[in-house]
Amino acid sequence: MKTNLFLCLMALLLSACVGTDIVELTTEAKVSILTPVETLQVGDTLEMEAEYIDRFGDPQNTPATWTSLHENIIQIVNSNSLVAVDTGLATIVATVDGVHDSVRIQATPDPTSFNQNRTGIFEGKNNYTVEGSFDLAMTETGLSLDFGTDFLSQRGPGLYIYLGNSGTSIAGAVELGEIKAFTGAQSYAVPAEVELNTFDFVIVYCKPFGASFGCGAIEQ
């Protein structure tokens, strides 16, 4: 009798996280421009930083090649530094091994400014329900991931929160801890080595069975 009950409980747990799941073991290689610059004062020079992540989610020490698509506004100097020479909107591109990332920067007479937060909306994966808003923001104590009061996740065993570069894979992702609540506002401290633009997804992930319940793309 006890054996049958145990098997039933295991079957219920298993059905909560598997069945229609497709688990990615790799992701696409990507370049991320880490410097969260929003505006650049004319005459200012700013050193840029980018990171290259291979398809297994591992960061590689490969320098990016920087290009300005509007050199009459912002120019590249010293390989990875920008200088604003005139007012206007310029697109800056970082390239590694044919993989690109770009950012649009406004050159202005006003002081240089940086983005302080990124936002997004959750969506369910693999027929699970995850919804609501979130905010990834720089605070006085560091980077923080904050879920809105509208957050809702389907219940499941061993759900953890990750920052990563895929909506379904945690290859190369950073774990922020076990989910604190299945509904409502909650906050997660982000490790100091993670920057505002390091990752592109927030993932709700079932660790026992390797399944993504849902994710949200982190928008600029």
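The structure presented is a predicted model; accordingly, all values stated were derived computationally and were not measured.

Trainee: Tell me about the packing of aromatic side chains, and name the residues and values.
Mentor: The full count for this structure, using the stated rule, is 7 aromatic pairs. Centroid distance Tyr 128 to Phe 213: 4.1 Å. Interplanar angle 15 degrees. Geometry classified as stacked. Here Tyr 128 is found in the loop between strand E12 (117-124) and strand E13 (130-139), whereas its partner Phe 213 is found in strand E20 (residues 211-217), with 85 residues between them in sequence. With respect to burial, Tyr 128 and Phe 213 carry one shared label: buried. Note on Phe 147 and Phe 151: the rings are 4.6 Å apart at their centroids and 40 degrees apart in plane angle, and the pair reads as tilted. Here Phe 151 falls in the buried class, since its relative accessible area comes to 2%. Put simply, the rings of Phe 122, Phe 134, Phe 147, Phe 151 and Tyr 188 pair up and form one aromatic cluster. Stacked on the ring of Tyr 188, the Lys or Arg Lys 180 has its end atom at 4.9 Å from the ring centre. Taking NZ or CZ as reference, Lys 207 lies 4.2 Å from the ring centre of Tyr 160, over its face.

Trainee: Now, about the pattern of salt bridges: what can you tell me, with residues and values included?
Mentor: Applying the stated rule across the entire model yields 4 salt bridges. Of the charged contacts in the structure, one is a salt bridge between Lys 125 and Glu 123, with a shortest N-O distance of 3.5 Å. Looking at Lys 125, the relative accessible area reads 23%, which means it is partly exposed. By relative accessible area, which is 45% here, Glu 123 ends up partly exposed.

Parameters at a glance
Residues numbered from 1 in each chain as written. Predicted model: local features only at pLDDT ≥ 70, side-chain atom pairs only at ≥ 80, totals over all residues. Heavy atoms only, no water. Phe/Tyr/Trp six-rings, centres within 6.5 Å; stacked < 30°, edge-to-face > 60°. Helix = DSSP H or I, 4+ residues; strand = E, 2+ residues; numbered from the N terminus. Buried < 20%, exposed > 50% of the residue type's maximum accessible area, 1.4 Å probe, protein only. Lys NZ or Arg CZ within 6 Å of the ring centre and 35° of its normal. Salt bridge = Lys/Arg side-chain N within 4 Å of Asp/Glu carboxyl O.

So, to be careful, I would describe these as geometric facts and stop short of saying anything about function.
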